[in-house]
Amino acid sequence: MKNKITKLLENALNISVQKGQLPEVSLPYMEVEAPANPEHGDYAANAALILAAQAKQNPRKIAQIIQDNLSDPENIIGKTQIAGPGFINFFIKDDVWHKALKNIDEQKEKYGFINYGGGKKVQVEFVSANPTGPLHIGHARGAVVGDVLSSLLSATGYCVSKEYYINDAGNQMNNLGKSVLLRYRELLDEKIEFPETCYRGDYIKDIAGKIIKEEGEKYLHSTEEAAIGYFTSIAGQIILEEIKIDLRDFGVVFDEYFSEKELYKNDGVTKLLDKLKKQGFVYSDGETLWFKTTDFGDEKDRVVIRKNGEPTYFAADIAYHQNKFARGFDTVIDIWGADHHGYMPRMWAGIQALGYSKESLKIILVQLVNLLRGGAPVAMSTRSGEFVTLREVLDEVGRDAARYNFLMRRSDSHLDFDLEVAKKQSNENPVYYVQYAHARICSILKMAQERGIALPVYADTDLSFLREPEEKTLIKMLVRYPETICGAAKALEPHRIPFYLNELAGVFHSYYNKNKVISENDGLTAARLFLIMEIKIVLQNALNILGVSAPEKM
RNA sequence: GCGCCCAUGGCUCAGCUGGAUAGAGCGCCAGACUACGAAUCUGGAUGCCGCAAGUUCGAAUCUUGCUGGGCGCACCA
């Protein structure tokens, strides 16, 4: 709908220019929006206001010219008016709204899917926690944001791949192996001292116990190096499997798991650095190898090969992003914890040196989560083993409420997550408000059928029975749904969907309390049943993108 | 010290990429089930949009400077 009006405006503008009524102008961005005040029409355009400065004319006069040249081949506009400083307000004909309902009814679960992306390949990389322990609440937010963003991009015509980067090549992994070895020895009655740098969680003991059960005490006799190597690998695998299970139960499923180790095969990292050296992006100071990130606006150059000959995490990350783009992705989206923001200029420098544009790598920062229980903060630390795991949150709060809580706020704002509030099945929990609207509609439809009223089909339904202002509002909101999805995808802002849903559910609940859907008037009943069927479709489709269930009963 | 992010009713947050009278939930007060589900609805109070300039037809939104908070500033990941 919005697009149609934009097109009409563009045509009118071209005609105005051709007629010489307006000078040649470039139009960077024209906004067509649904105004808050219904007196301002169904849609309003600010085109004349934007053009005023360029055309050096009074905005109202420009609006007048545009209005005069407006043609309406599809006959959708009831009237237009010029208002305020120069807005052009559009009033859409009723039968156009009715056809919009028909469109939803026909498209069903496809309603809201649009081809904005044109099949471009996008990769979304998220979570990517190194497998040294179970996922905790901090990872959960990034997981949901990445997952929903991916769904959103799929729905808007992108070809999306979700990827988890396994940081399984660094020091942290070595610490993991060491931690398991120490617990292993301890369980076999050796006295050990457990260093600060090691992981203290109970899951370490569980893994050690498992190794003893399956392979006995033979690693007491092998060299420490060999034992750590083996324990690192086995513990990493076990933990990664558990991470996958937790994610699956949280509704997050990846297309690819990419191991950092993969990058080092066939000297991949070294070869890439050699190439960059030849191109002049990498230089040596005798002991260490540096990347000239300052060429791309970073505040200092960064080390890629350390004095001890080991490549840094950054070196691997350049190779990783090279690998991503080599796989043919047009856009790569990284979702990081906000504490990594200082890393951004470096990464952008890296991909630009590789010959890719800065715009092709989008980085979304997800702010840290403040975990509370009944208003009191809960302390967390992976290493000490004090943390609330994703698993515990799932068991305690439930998947729908947990996901919705993380999705309600924009990802760059701080989030307080209170376990006691999140698990309450009450009005303090917005997810139920939306789900309740869906369940309520299901219940009405069921009631209608029990009373022998067949569910209406468009051809036999006279939608002109829908005369209440709330009914018009509801239809307009349903039409706005694809626009909301598209806007959220463009801006990479999933939180817009919960806000849309809350509003839709709110208007529906209010309407429900004021008007009876099933009444003595058959025509009115059919029209209203048809309307709520379409509301149900939109609620379901939107919840589906969020990965939240749309229950028929609660 | 330098850099990034944030600042909107008592609390938690939106504000659609500069638009018309700044919104919602929670909490508070007063009401609505012999009616399709009261996990709902109706009504009410609450604001120098952190402060100060600037940009223009128009600023919560953009620029600059302050104030206050978070986070970074590794040859860790």
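Residues numbered from 1 in each chain as written. Chains lettered and ligands numbered in written order. Predicted model: local features only at pLDDT ≥ 70, side-chain atom pairs only at ≥ 80, totals over all residues. Heavy atoms only, no water.

Asker: For this particular structure, what's the right way to read the sheet that holds strand E11 (residues 331-337)?
Answerer: Two strands in a sheet stick together by hydrogen bonds in their backbones, pointing the same way (parallel) or opposite ways (antiparallel). Strand order in the open sheet made by the 5 strands is E7-E6-E5-E11-E12, with parallel pairing throughout. Strand pairing shows two members of the sheet lacking a second neighbour, strand E7 (256-259) and strand E12 (361-366), which therefore form its edges. Averaged over all pairs of adjacent strands, the angle between their axes in this sheet comes to 25 degrees, without regard to strand direction. Sheet topology places strand E6 (residues 159-166) next to E7; 4 bridges connect them, and they run parallel. (Pairing = 2+ DSSP bridges. Helix = DSSP H or I, 4+ residues; strand = E, 2+ residues; numbered from the N terminus. Axes fitted to C-alpha atoms, helices over the stretch in contact; angles between N-to-C directions.)

Asker: Would you take a moment to explain the packing of helix H7 (residues 202-215) against helix H8 (residues 224-249) for this structure?
Answerer: In helix packing, the relevant descriptors are the interaxial angle and the interaxial distance, both defined with respect to the helix axes. H8 packs onto H7 with a crossing angle of 115 degrees between their chain directions and a minimal axis gap of 11 Å. It follows that H7 is roughly perpendicular to H8 by the angle criterion. Crossing geometry of H7 relative to H8 is assigned as right-handed. In this structure, H7 uses Tyr203, Ile207, Lys210, Ile211 and Glu215 to contact H8, whose residues at the interface are Tyr230, Phe231, Ile234, Ala235, Ile238 and Ile239. Grouping the constituent residues of the contact of H7 with H8 by class yields 9 nonpolar, no polar and 2 charged. (Parallel < 35°, antiparallel > 145°, perpendicular 65-115°, else oblique. Left-handed = near helix turned anticlockwise from the far one by under 90°. Contact = heavy atoms within 4.5 Å. Nonpolar A, V, L, I, M, F, W, Y, C, P; charged D, E, K, R; others polar.)

Asker: Any chance you could explain the sheet that holds strand E10 (residues 302-305) here in plain terms?
Answerer: Strand order in this open sheet of 3 strands is E8-E9-E10, and the pairing throughout is antiparallel. Strands at the two margins of the open sheet, each flanked by one partner only, are strand E8 (282-284) and E10. Strand-to-strand twist of the sheet, defined as the mean angle between neighbouring strand axes without regard to direction, takes the value 40 degrees. Relative to strand E9 (residues 289-291), E8 runs antiparallel, the two being bridged by 3 bridges. What sits directly across from valine 282, in E9, is phenylalanine 291. The sheet contacts of helix H10 (residues 268-278) involve E8, E9 and E10, and relative to E8 the element is tilted by about 95 degrees.

Asker: How should helix H12 (residues 344-353) be read in this particular structure?
Answerer: Working note: α-helix, 3.6 residues per turn, so residues spaced by three or four point in the same direction. A large share of H12 lies buried, amounting to 8 of its 10 residues. Turning to H12, its buried residues are Met344, Arg346, Met347, Trp348, Ala349, Gly350, Ile351 and Ala353. Where H12 is buried, its residues meet H10, E9, E10, helix H11 (313-326), E11 and E12. Of the residues flanking the end of H12, it is glycine 355, one or two places downstream, whose phi is positive at about 100 degrees. (Buried < 20%, exposed > 50% of the residue type's maximum accessible area, 1.4 Å probe, protein only.)

Asker: Explain the protein's contact with RNA strand B to me, please; I cannot follow it from the model alone.
Answerer: If you check the shell around RNA strand B, you find 58 residues, and the closest are Arg306, Arg409, Arg410, Tyr433 and Tyr436. Counting only the atoms of RNA strand B within 4 Å of the protein, the fraction contributed by sugar and phosphate is 62%. Note that a phosphate oxygen of RNA strand B is positioned 2.9 Å from one of the backbone N or O atoms of arginine 410. At 3.0 Å from a base oxygen of RNA strand B is found a main-chain nitrogen or oxygen belonging to isoleucine 518. For the surface near RNA strand B, the elements supplying multiple residues, two or more each, are strand E4 (87-92), helix H16 (430-450) and helix H18 (496-514). Split by residue class, the surface near RNA strand B holds 21 nonpolar, 21 polar and 16 charged. (Near = heavy atom within 4 Å. Polar contact = N/O pair within 3.5 Å; in protein donor to acceptor, adjacent residues only side chain to side chain.)

Asker: I'm lost on the pattern of salt bridges in this one. Help?
Answerer: Pairing between side chains of opposite charge can happen when their charged atoms approach one another. Enumeration over the complete set of coordinates arrives at 32 salt bridges. One salt bridge connects aspartate 147 with lysine 162, and the closest N-O pair in it is separated by 3.4 Å. One end of the pair, aspartate 147, is in helix H5 (residues 137-155); the other, lysine 162, is in strand E6, and 15 residues separate them in sequence. For the pair formed by aspartate 147 and lysine 162, the shared burial category is buried. Notably, a salt bridge pairs glutamate 420 with arginine 373, separated by 2.8 Å at the nearest N-O pair. Of this pair, glutamate 420 sits in helix H15 (residues 419-423) while arginine 373 sits in strand E13 (residues 369-373), placing them 47 residues apart in sequence. Since its relative accessible area comes to 35%, arginine 373 is described here as partly exposed. Salt bridges here are not isolated pairs; linked through shared partners, they connect Asp246, Arg248, Asp249, Arg391 and Asp395. (Salt bridge = Lys/Arg side-chain N within 4 Å of Asp/Glu carboxyl O.)

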